[in-house]
Each structure stands twice: as C-alpha cells, then as structure tokens.
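Per-entry structural report
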Amino acid sequence: MSLPPDPGPDFDVLLAYLRATRNFEFGGYKRVGLARRIAKRMRATGVASYAEYQAYLDVHPSEFAELFDTILINVTAFFRDESLWEHLRSEVVPQLLAARSASDPIRVWCAGCATGQEAYTLAIVLAEAMGDVQFRERVKLYATDLDDDALATARQGVYQERDVGSLPPDIVERYFERDAQRYVFRKDLRRLLIFGRNDLMQDAPISRIDLLTCRNTLMYFDAPTQARVLARFQFALNEGGVLVLGRAETLLTHTNLFVPIDLKRRIFIKAPRYNAATGVAGGMLDPYRWRDRAVAGSRYGAADVAARGLDGELRDAAFDAGPIAQLAIDRSGRLLAINERARALFQLGQPDLGRPLQDLEVSYRPFELRSLIDQALSEGRPIVHGEVPWRAPGGEMRWFDIRVAPLIAPVEFGGTAPSGAGVSATFAEVTRYKQLQHQVQEAQAELEAAYQELQSTNEELETMNEELQSTNEELQTINDELRQRSEDLNRANAFLESVFASMRAGVAVLDRDLRVLSWSNRAEDQWGVRAGEVIGTSFFNLDIGLPVERLAEAIRGCLGGAMDGQALLVAATNRRGRAVQCRVTVRALIAVGDERPHGVLILIEELQNDVAAEDSPAPSAADGDVVSSAGVV
C-alpha cells in the first residue's frame, strides 16, 4: 500500500482520534514519516484506509501498543555512537564538573530515553568521572519518554546478553549484576535515576539542568515543533548547560538559543544572556557593538576646515568638495552652509542660505532633522540615525545614515563661535550597502531554504535508518525465537528417534490424507526404503513387501473415530526376500486436548516363528485376521 505525500483529512481524523482516546499528540510529527509508520501497521493488520484502521483500533485495543511501538521507534543501545560518548567522558563532563563546586548538585535529563540504555550510559559516564560516592550524593538523573511500556522496561534495568555484548567486560562487571542470562543494572545506582512520562511537545520541561541529551528524537518533529521543544530545552538548562543531540540534528537556525561547542558531534551550550550595560553576552563580545554608523566624512566639514587654519577660499573649496552631503545650521536654526553634494541631493541653492531650516523640505525629508538637532545640542554629543529611507525626486529609493553633531569648534568662515553655536548635519548614503544587504538576505534565505531541505532530507533518512534498525531488531528477535524453536524441535526429534530406536517395531506416522509424516529407522531396516524416499508419499503407493492395502479398513476406522485401534497379523516379505509374519497395530493419532484424529500411527513388528507360536496358541489365524492378546478375534 502506497500513500500520497500528504495523507489528507482522514489522516488528521485518525491523529485526533489517537489524541482523544490515548492522549498521544502526534500533530507535531513530520507527516510523511508518521504516515509511513502508520501504514506499516495498516499493512500488518490488513486494512486499506485510515478510517478502516480507526475502526480496527476500536475493535482491537491491543493494536494501540503495536502502533505506538512502531511510531515511537524505540531504537537505542549502550554507548551508541561511541565517539560521542568518548568526547563526553574525556572533555565535556570534566569541564562541566570543574565549573561547579564539589558540593553543587548535578542535574541531568535524558529526554526520549526509550528503554533506558542511554540513561544508564549517562550514569556510567558520570559515575566513572565522579566516583560512586560523589555520584550518589550529587547526581539527579531524570529520564523521560512518551512510551509507558518502554519506561517500564527502563525502570527495571534488566537487559539481555546481546544488549551488553558491546560493552567492555570491566564495565559490565562493575555496573551490572548477572541473573541467569540477564544483566541487571546496579540497584544502588539505579535508584538515583528517575524515569517518568514527558511529552516534549506539551509538558513542562524539567528545570535547572546541567546536561541534557535528546538524541534522534527531534528529527521526527516538524520545524515549528522543533523550535518549541528547543525553546523549552533552553529554558530547562542552567547557564553554561550542555545540550547533546543526535547525528541528524543540528541547531544552525537556532543560534539565539544555543552555541555549538562541537558541531560534528552535535554538542551545544546554552547561549549566554546579553548584558546591555557592558555590551558583552556572557563573556562573548557583542557582535553588534562595532556597528556605529557615525560618518567619518565630517573631517571635511566647516568645523574641521576652520580648525586647520586654512584661508577662506580653501576652506570653502574643501567643504564644498566633500563626498558626503553636509549642512551647517546655527543655534537659531538658520542654514549657514551647504556643500555641493547637499545642493544636488536636496535641490538647494545660494538663495537658501540664511533661511530658517524649518522653511525647507530638507528639515523633515528624508527625516525630521529638528528633533535630532535639539537632542544634539541638549546632550552635547553627536546623534546618529541609521538607514533612513528616502525616495528621490526621480522615484529611486535611497538610504542614508544621518549624523547631527554639535559644532564645538570655530564654525564660521570668518571668525570663531562659542561651543554649541550650531550643528553639522551629514547625510552618508548607504544605498549600495542596503542593496548588498538585501542581496545577502535573499541569498541567505535561499541557503536557509536549501539547508532546511537538506536537513529535512537528512532527518528523514536518519528516521528511515532508525525504522530499518527497529525492523532489524524485530527480525533478530524473531530469528532468536525461531532458533530456539528449532533447537527445541531438534531435541524433540532426537528424543522421538531414541524412542523409535528402542522399539522392535517399525513406525510409520500418516496424516489425514494418508501421506507419510514419519518413517523410523526400524521401518527402513524392515522394508529397505529410506525415510527420504517415503515421507510425503501416500502410504498406499508404497512399493514394499507389506500388503498395505490390507490395512485400509483399519486405517479408515481410526480416522473415523475408532480410538482403540486394531492389531492385525499380516503375511509379508521383508527386504531380504524372506516371507515373514507381521503384527501391525493401527491407532488414531490424537493431539493433546483434541479428540479429533489428526492422523494414524502404524506399528509394524516382524514376528519370529517361536514368538508367533507363543503369541498365537490357538489355531493359526488366516492372513489379515484381527487379533487380540488372547488370540484370533
């Protein structure tokens, strides 16, 4: 059965049904992967639609457990991805412990713990780093999952030999107690692990966590759900807390929440808080602190020109040739100077000199200059307003960084003025910067989309890998069961063979269709036909020295319900060509607890002359007569 990429409304109805009846919220899971796993159960149950499957769940409540096992994919192992655990053991955990005092508690959360192997792996790593005493005194390890059955297994801490087979022998000896063929995690450490149900999409996170692992769980969620869960993780972690994700999961789009400390191994640290007073984020330089759009072009302004002591004409030429549009306004708000760039940009001319700024369009377009001037004069410092948009007379959109600075040096070309006698307003065009910024944003958006697609594909492939691994584990379990059954069957067959070998009579077992199911070694010796030649063949088609047709009535009687069976004396010819007398006993084959015959058991005993005489003291029976222990019937 194949499903479309979007399963449709019936699929949503089924999800709502699961939420209402079993309190399982799957709305945040990736629809394609979720539909694929539900389809697996639909194929197993033989239904063809979501509506039919919902009806099947109503009638077969036990199917819920099978469905949730398939959806949640409880694939895990001790020290899964060994390089990650080695890095945690050698680098991350020692640094985490060193950052805290010897008496501080260590709180750990294993989210999506499945059947517990990862939680117990964390316990081993911490106990190895801290020692058993410190571990017992300081560590609280919380392990959560959505699957109640998996949690029940995790709480017991009981695992099979194959589960611990990859662990070093010294770790197994130190942390597990052997119970027959099972291995039980140490009780004194196990009691420090708190297992509980937690829905990452709905339930509140555990707080004040130092180390949080959530491996190969987020990849099943869609992007909005991942963002919500990650925000909860960020809230759960202490400052400097560490988050460990799975191989297919990364946080390149959530850098405001976490900072990678080992991207290859998917290890992250909680992003430090920004300190506005220092411009520092938890010891990290504020990446925006450098951004000061104050324009250095003021060195071409009137104040600087006057300070250089140049003559009037040179000062005028220098001011006028400045690359940045610039105005000079006195304290009373009158326009004192305009350079060539400002005249061309704002369509100003010589007649505008000396006019009140408020009468000119430049006072409010592209920005309200008068408010900036008042602020600059009152605070005695430059005021910058960045990336101001302005539509030029030709319709072109342009952007400027406007800087208004008080003139604290001689500002008039012919003399001097006291500090704060006026202001200089510069308009640094950043249109090219904005265009490049827009292009970068578009490219970034495209890269982000491509990354999201690649990430989604990677997560989907990893999900499929998890599903295949889960299926492989199921097949391994079935294979182990079949191997055990095969061994049991071999032992049963060996036992039956020993029973048959101890009997003087040859044994043939027939099914209800009179095909040979079993042919003992003694029967082979009597009639010279191997078991491989007769098994599966109709008993009445056997070409042996025994007149099998003489047994037809007795066989039919047994199949018809004659439970006592019959014994007959039959003249036959053995494999050596000698004429012999045989006692043939025919009995119904009955299964335990079932009175209906499933077949026929035939015992063929070749009688010696003296034995025949002893068994038949009365006159000789005719060939094929029915006999009993007292003689001819």
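Scroll up a little and you will see the structure.
Here goes a summary of the coordinates provided. (Residues numbered from 1 in each chain as written. Predicted model: local features only at pLDDT ≥ 70, side-chain atom pairs only at ≥ 80, totals over all residues. Heavy atoms only, no water.)

1. Re the overall build of the protein chain
Of regular secondary structure, the protein chain possesses 21 helices and 25 strands. Per-residue burial over the protein chain gives 43% buried out of 633 residues. (Helix = DSSP H or I, 4+ residues; strand = E, 2+ residues; numbered from the N terminus. Buried < 20%, exposed > 50% of the residue type's maximum accessible area, 1.4 Å probe, protein only.)

2. Observations regarding the sheet that holds strand S6 (residues 193-197)
Taken together, the seven strands give an open sheet; going across it, the order is S6-S2-S1-S7-S8-S10-S9, and neighbouring strands pair in mixed fashion. Both outer strands of the open sheet, S6 and strand S9 (258-262), are each paired with one neighbouring strand and no more. Ignoring which end each strand starts from, the neighbouring axes of this sheet average 20° apart. Bridge count for strand S8 (residues 237-245) against strand S10 (residues 267-270) is three bridges, and the pairing is antiparallel. Residue Val 244 lies in a different strand from S10, and its bridge partner there is Ile 267. Sheet strands touched by helix H5 (residues 82-98): strand S1 (106-111), strand S7 (209-214), S8, S9 and S10. Its angle to S8, the strand with the most contacts, is close to 180°. (Pairing = 2+ DSSP bridges. Axes fitted to C-alpha atoms, helices over the stretch in contact; angles between N-to-C directions. Contact = heavy atoms within 4.5 Å.)

3. Here we look at the nonpolar core
Membership of the largest hydrophobic core comes to 49 residues, with the highest contact counts inside it found for Phe 26, Ile 38, Trp 109, Phe 233 and Leu 243. Of all elements in the fold, only helix H1 (9-22), helix H2 (31-45), helix H3 (50-59), helix H4 (63-72), S1, S7, helix H12 (223-236) and S8 reach the threshold of two or more residues within this core. Dropping the residues within four chain positions of it, Leu 243 is found in contact with Leu 212, Leu 230, Phe 233, Leu 237, Leu 251, Phe 258, Arg 266, Ile 267 and Phe 268. Trp 85, Val 125, Ala 143 and Leu 193 belong to the second-largest nonpolar core, a separate cluster that totals 44 residues. (Core = buried A, V, L, I, M, F, W, Y, C linked by side-chain atoms within 4.5 Å.)

4. Comments concerning the sheet that holds strand S16 (residues 383-391)
Strand order in the open sheet formed by five strands is S15-S14-S18-S17-S16, and the pairing between neighbours is antiparallel. Edge strands, defined here as strands with exactly one partner in the open sheet, are strand S15 (335-338) and S16. In this sheet, adjacent strand axes meet at a mean angle of 20° when their direction is disregarded. Here strand S14 (residues 325-330) pairs with S15 via three bridges, running antiparallel. Across the sheet, the residue bridging to Ala 328 is Ala 337, located in S15.

5. Structural notes on the environment of Leu 245
On the secondary structure map, Leu 245 appears in strand S8. Once residues lying within four places of it in the same chain are set aside, the contact partners of Leu 245 are Cys 214, Arg 215, Leu 218, Leu 251, Arg 265, Arg 266 and Phe 268.

6. Some points on the pairing of S8
Along any regular strand, the residues point their side chains to alternate faces of the sheet. Direction of pairing for S7 relative to S8: parallel, over a ladder of five bridges. Across the sheet, the residue bridging to Leu 211 is Val 242, located in S8. With H12 bridging S7 and its parallel neighbour S8, the resulting β-α-β unit is right-handed. (Right-handed = clockwise from strand over helix to strand, strands pointing away.)

7. Observations concerning the pattern of salt bridges
Per the stated rule, a full pass over the model turns up 35 salt bridges. Its salt-bridge partner being Glu 239, residue Lys 270 comes within 3.7 Å of it at the nearest N-O pair. Taken together, the residues span a long stretch of sequence, with Lys 270 in strand S10 and Glu 239 in strand S8 at a distance of 31 residues. A relative accessible area of 8% places Lys 270 in the buried class. The class of Glu 239 is partly exposed, set by a relative accessible area of 40%. Salt bridges linked by common partners bring Asp 132, Arg 136, Arg 186 and Asp 188 together as one network. (Salt bridge = Lys/Arg side-chain N within 4 Å of Asp/Glu carboxyl O.)

8. Focus on the packing of H3 against H4
When two helices pack together, you describe them by how their axes are tilted relative to each other and by the distance separating the axes. Here H3 crosses H4 at 125°, and the two axes come no closer than 8 Å. Between H3 and H4, the interaxial angle falls into the category oblique. Here H3 contributes Tyr 53, Tyr 56 and Leu 57 to the contact with H4, which in turn contributes Glu 63, Phe 64 and Leu 67. (Parallel < 35°, antiparallel > 145°, perpendicular 65-115°, else oblique.)

9. Side note on a negative patch on the surface
A cluster of acidic residues, Glu 66, Asp 69, Asp 149, Glu 473 and Glu 474, forms a negative patch at the surface. Mapped by element, the contributors of at least two residues to the negative patch are H4 and helix H17 (431-501). Note on placement: Asp 69 falls in helix H4. (Patch = residues over 30% accessible without salt bridge, like charges linked within 9 Å, V, L, I, M, F, W, Y side chains within 5 Å. Areas by Shrake-Rupley, 256 points an atom, 1.4 Å probe, with all protein chains shown as cover. Lys, Arg positive; Asp, Glu negative; His and termini not counted. Charge placed at Lys NZ, Arg CZ, Asp CG, Glu CD.)

10. A closer look at the side chain of Arg 41
Looking at the element boundaries, Arg 41 is found in helix H2. Residue Arg 41 is classed as buried on the basis of its relative accessible area, which comes to 15%. Ignoring sequence-local partners within four residues, the contact set of Arg 41 consists of Tyr 53, Glu 63, Glu 66, Leu 67 and Thr 70.

11. A few points about unusual backbone geometry
Cis geometry marks the peptide bond from Arg 365 to Pro 366, where omega comes out at 20°. Looking at the element boundaries, Pro 366 is found in the loop between helix H15 (340-346) and helix H16 (369-379). Despite not being glycine, Arg 266 has its phi angle at roughly 60°, a positive value. Residue placement: Arg 266 occurs in the loop between S9 and S10. Judged by its relative accessible area of 16%, Arg 266 falls in the buried class. Of note in the backbone geometry, Gln 347 takes a positive phi value of approximately 55° without being a glycine.

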